[in-house]
Amino acid sequence: MERLSGELKILSKEEKEGIDEARVSRDEEGDGKRKLYIESYGCQMNFADSEIVASILKKEGFVTTSDKNQAELILLNTCSIRDNAEQKVRQRLRILNATKKGKSNVKIGVLGCMAERLKTQLLEEEKMVDMVVGPDAYRDLPNLINEVETGQKAVNVFLSREETYADITPVKLDTNGVTAFISIMRGCDNMCSFCVVPYTRGRERSREPQTIINEAKELFNKGYKEVTLLGQNVDSYKWKNSQGEIEMTFAQLLASVAEIDPNLRVRFSTSHPKDITDEVLYTIKKYENICSYIHLPAQSGSSRILELMNRTYTREWYINKIDRIREILGDDCGISHDMITGFCTETEEDHKETLSLMDYVRYDYGYTFYYSERPGTPAAKKLEDDVDLETKKRRLDEVIQKQRQHSLERNRRSLNKVVKVLVEGFSKRSEDFLQGRSDQNKVVIFPKENYRKGDYVLVRIDECNAATLKGIAVEKELV
Ligand code: SF4
């Protein structure tokens, strides 16, 4: 799972406001209860984990608050995908330290990938931190809290080969009540040379499928209309029985969730070019409620760089996968990417291959980074970070400009067409307009009339920019 934080997507102002901001826990009823404040950074997996944490601590008598000054337990669920993600957390810890000053009962804990990467070192470097807990150790939180309440520091960064928190029902934190994320697996076995995830989230393990289907059913019964199945590499999802035989593949899991109800939209993220199968593509084609949108990180258009990144596929293999998607799901299927510019030894020629790959695919949007060396990764150990920052940024800008052009071109394909939109709420600019997303995961804004959150609405698109489609509702899809 490359994307989901610190990236570049061609964003409207509405969207820009959301990115990079930490997601903060919301206020829950519960006078007299112990108050928990959670800030979550990074990818959707981290947001989903914060909901698991809130659920585990609910059993210990905690309710969440959006006001850090009310909290006796402050938790930061962190990202480590790039250096600036960690710097942001260190800045935040300085501010939260002021909140803690003079209040001996207030404890600060750091969770997630930065906690896993730095372990006890974080306690030495950031004195205000009382507790460091890795992504597989959240069940141990009640014990760790007991430890810090006796004035000690507490650490648990054990990485598990089994833990999937399958039996824990997440407490929804910042939710629009319409869309929700369900994690279907944890960890990653791909060892992309630039990535910290295998070291901070451990080996790949799939979650028992019935617990995923039950969670989706429960959400649908609570009024949610869309679930996104989450994993670092969902295409390698496999549930095996005790004899080690595969009982469920990702395509079969997708179909099982789609069969819950035709009015439950199903999305998934993130795919991996080496593992995505025709079976998955035909399953998307078979079920109208599985969205025709695939996030397929490329990272580079140069086979030489892909090899140094240990992505285990070539430019040609990637293009074949794109061709299969277009053959089976048609040109309207939404496709987005991740690209890294300025990876070790990247030449102008390699960079041009990335730009020409984008010309070939014509992505709907993408998330782009310049290479940020991460300590402990194979790239940091074996390769020199030899592309200067100015060149990294110039190449990043060229990819941005090209994507902006392609996003506008792809959005123009929707002009004068009717798209089915699931309303997620008011547009961020005005409560006279509603906002939702199309099947291809494009943001659509239209005048509210009598429509409301959770409605499926058919909207005729009459205007667009590189990030957003705008239109008029023509009919409410009766469901
Ligand atoms: S190792 Fe590769 S596939 Fe796994 S999370 Fe990192 S970038 Fe994604």
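Residues numbered from 1 in each chain as written. Predicted model: local features only at pLDDT ≥ 70, side-chain atom pairs only at ≥ 80, totals over all residues. Heavy atoms only, no water.

1. Brief notes about the pairing of strand β5 (residues 107-111)
For step 1, the next point in the chain: Burial of β5 is extensive: five of the five residues sit out of reach of the surface.
For step 2, the next point in the chain: Burial of the side chains of β5 extends over both faces: Lys-107, Gly-109 and Leu-111 are buried on one face and Ile-108 and Val-110 on the other.
For step 3, the next point in the chain: Two strands pair when backbone bridges link them, and strand β4 (residues 73-78) and β5 are joined in this way by five bridges, in the parallel orientation. Bridge assignment links Leu-75 to a residue of β5, and that residue is Gly-109. (Buried < 20%, exposed > 50% of the residue type's maximum accessible area, 1.4 Å probe, protein only. Helix = DSSP H or I, 4+ residues; strand = E, 2+ residues; numbered from the N terminus. Pairing = 2+ DSSP bridges.)

2. Describing the confidence of the model for the protein
For step 1, the next point in the chain: In the predicted model, the protein carries a mean pLDDT of 93, and the fraction of residues at 70 or more is 94%.
For step 2, the next point in the chain: In this model, residues 1-20 is a region of pLDDT below 50 whose contacts with residues beyond four sequence positions or in other chains number 65 contacts. (pLDDT = per-residue confidence, 0-100. Contact = heavy atoms within 4.5 Å.)

3. Brief notes about the environment of Gln-121
For step 1, the next point in the chain: One can find Gln-121 in helix α5 (residues 121-125).
For step 2, the next point in the chain: The exposure class assigned to Gln-121 is partly exposed, which follows from its relative accessible area of 35%.
For step 3, the next point in the chain: As a C-alpha pair, Gln-121 and Val-132 span 11 residues in sequence and 9.6 Å in three-dimensional space.
For step 4, the next point in the chain: A distance of 2.5 Å separates the side chain of Gln-121 from the side chain of Glu-125, its partner in a polar contact. (Polar contact = N/O pair within 3.5 Å; in protein donor to acceptor, adjacent residues only side chain to side chain.)

4. Re the sheet that holds strand β16 (residues 334-341)
For step 1, the next point in the chain: Across the sheet, which stays open at both edges, the three strands sit in the order β15-β16-β17 with parallel pairing between neighbours. A strand with exactly one partner marks an edge of an open sheet, and here the two such strands are β15 (293-295) and β17 (365-370). Between one strand and the next, the sheet's axes are offset by a mean angle of 10°, whatever the strand orientation.
For step 2, the next point in the chain: The pairing of β16 with β17 spans six bridges and is parallel. Note on β17: the bridge partner recorded for Thr-341 is Tyr-370. (Axes fitted to C-alpha atoms, helices over the stretch in contact; angles between N-to-C directions.)

5. What to know about the pairing of strand β19 (residues 433-437)
The side chains of a regular strand alternate between both faces of the sheet.
For step 1, the next point in the chain: Counted residue by residue, β19 has four buried out of five residues, so it is predominantly covered.
For step 2, the next point in the chain: Relative to β19, strand β18 (residues 418-426) is paired through four bridges, and the arrangement is antiparallel. By the bridge assignment for β19, Leu-422 is matched with Arg-437.
For step 3, the next point in the chain: Counting the residues between successive antiparallel strands, the hairpin from β18 to β19 contains six residues.
For step 4, the next point in the chain: With antiparallel pairing between neighbouring strands as the criterion, β19 and strand β20 (residues 443-447) make up a hairpin whose turn holds five residues, including Asn-441 at a positive phi of roughly 65°.

6. Here's the deal with the packing of helix α9 (residues 250-258) against helix α10 (residues 278-286)
For step 1, the next point in the chain: The interhelical angle for the contact between α9 and α10, taken along N-to-C directions, is 15°, at an axis separation of 8 Å. The angle between the axes of α9 and α10 places the two elements in the roughly parallel class. Note that α9 runs across α10; the crossing there is right-handed. Between α9, through Phe-250, Ala-251, Gln-252, Leu-254 and Ala-255, and α10, the contact on the second element is made entirely by Glu-279, Val-280 and Thr-283.
For step 2, the next point in the chain: Among the residues forming the contact of α9 with α10, the class breakdown is five nonpolar, two polar and one charged. (Parallel < 35°, antiparallel > 145°, perpendicular 65-115°, else oblique. Left-handed = near helix turned anticlockwise from the far one by under 90°. Nonpolar A, V, L, I, M, F, W, Y, C, P; charged D, E, K, R; others polar.)

7. With respect to the pattern of salt bridges
For step 1, the next point in the chain: Taken as a whole, this structure holds 39 salt bridges when the rule is applied.
For step 2, the next point in the chain: The salt bridge partner of Asp-167 is Arg-139, with a shortest N-O separation of 2.7 Å. Taken together, the positions of Asp-167 in the loop between β7 (154-156) and β8 (179-183) and Arg-139 in the loop between β6 (131-133) and α6 (141-149) put the pair 28 residues apart, joining distant regions of the chain.
For step 3, the next point in the chain: Judged by relative accessible area, Asp-167 falls into the exposed class, the value being 57%.
For step 4, the next point in the chain: Under the relative-accessibility criterion, Arg-139 is labelled partly exposed at 38%.
For step 5, the next point in the chain: Among the ionic pairs, Glu-288 bridges to Lys-420, the shortest N-O distance being 3.4 Å. In this pair, Glu-288 is assigned in the loop between α10 and β15 and Lys-420 in strand β18, connecting sequence segments 132 residues apart.
For step 6, the next point in the chain: One salt-bridge network, held together by shared partners, links Asp-49, Asp-136, Arg-186, Arg-201 and Arg-205. (Salt bridge = Lys/Arg side-chain N within 4 Å of Asp/Glu carboxyl O.)

8. Observations regarding the sheet that holds strand β14 (residues 265-269)
For step 1, the next point in the chain: Spatially, the three strands line up as an open sheet ordered β8-β11-β14, and their pairing is parallel. With one partner strand each, in any of the chains shown, β8 and β14 form the two edges of the open sheet. Shown here is a sheet whose adjacent strand axes are inclined to one another by a mean of 25°, direction ignored.
For step 2, the next point in the chain: Pairing between β8 and strand β11 (residues 226-230): five bridges, direction parallel. By the bridge assignment, Ser-183 is partnered in β11 with Leu-230.

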